[in-house]
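Read off the chains here:
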Amino acid sequence: ILDELGIDFYNCTILEPCVGGGHMADGIDAYLAESGSIERVQTIGTDIKNRGYENPIWELEYGLDFFADDYPYDEADWIIMNPPYGVIEPFTIRALDIAKKGVIMLARLQFLEGEGRFEKILQYNPPTDIYVYVDRIQCWKDGLKPDGSSAQAYAWFVWDREKNNEYLVEPRIHWIRRADKKC
């Protein structure tokens, strides 16, 4: 998705608050290395549980609750995450409060559904862009790469404060396909 978005993260802070096994972090590293800005970006990964991910480039802290009052990262330029679906609403609300430039979130497409989610998030803070996967993807679970395809539809939800510019914008829908190497 970062190739598709083409964001210049130069001199930015990127926070991944549910770093887990590091799959998202490794993808971010690859993008930053290719863009030549990996040394000029502060990358921070936290998780409530240590799942064994280690990366010398990232500042990693485990045992941190993203919702706790003493969570040490109360601002970041960008938050890039794939939060647990059971707590996706509070993760999204908290990320939108912390991120100065934007939030990039991988989630089930059904994130767009629901009265409560609409009232709490989408009505007054809709994403600027939604990138829907044409081909179904499967997310890793417990460090294991899945086989086959999924019955679940996934999308990237992007809140770009520069595009939104303090005004409500209608989300733009895009389609992406892994076979096109655009994700």
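Below or above, wherever it landed, is the structure these notes cover. Predicted, not measured: the structure shown is a model, and the values here were computed from it. (Residues numbered from 1 in each chain as written. Predicted model: local features only at pLDDT ≥ 70, side-chain atom pairs only at ≥ 80, totals over all residues. Heavy atoms only, no water.)

Bringing the packing of aromatic side chains into the picture now. Using the criterion set out here, one finds nine aromatic pairs in the structure. Arranged with centres 5.0 Å apart and planes meeting at 75°, the rings of phenylalanine 67 and phenylalanine 91 form a pair that is edge-to-face. With phenylalanine 67 in the loop between strand S3 (59–62) and strand S4 (76–81) and phenylalanine 91 in helix H3 (residues 88–98), the pair connects residues that are 24 residues apart, well separated along the chain. Overall, the relative accessible area of 35% leaves phenylalanine 67 in the partly exposed class. (Phe/Tyr/Trp six-rings, centres within 6.5 Å; stacked < 30°, edge-to-face > 60°. Helix = DSSP H or I, 4+ residues; strand = E, 2+ residues; numbered from the N terminus. Buried < 20%, exposed > 50% of the residue type's maximum accessible area, 1.4 Å probe, protein only.)

The buried fraction of strand S7 (residues 154–160) amounts to seven of the seven residues, a majority that puts the element mostly inside the structure. When strand S5 (residues 99–108) meets S7, the two strands line up antiparallel, connected through seven bridges. Counted as the bridge partner of methionine 105 is phenylalanine 157 from S7. As defined by bridge partners, strand S6 (residues 129–133) adjoins S7 across four bridges and the pair is classed as antiparallel. When the bridges of S7 are listed, tyrosine 131 appears paired with tryptophan 156. (Pairing = 2+ DSSP bridges.)

Where H3 contacts helix H4 (residues 115–122), the two axes come as close as 10 Å, and the packing angle between them is 10°. When the interaxial angle is binned, H3 and H4 end up roughly parallel. Taken together, the residues of H4 that come into contact with H3 (itself represented by Ile88, Glu89, Thr92, Ile93 and Leu96) are Arg117, Lys120 and Ile121. Residues that form the contact of H3 with H4 fall into these classes: four nonpolar, one polar and three charged. (Axes fitted to C-alpha atoms, helices over the stretch in contact; angles between N-to-C directions. Parallel < 35°, antiparallel > 145°, perpendicular 65-115°, else oblique. Contact = heavy atoms within 4.5 Å. Nonpolar A, V, L, I, M, F, W, Y, C, P; charged D, E, K, R; others polar.)

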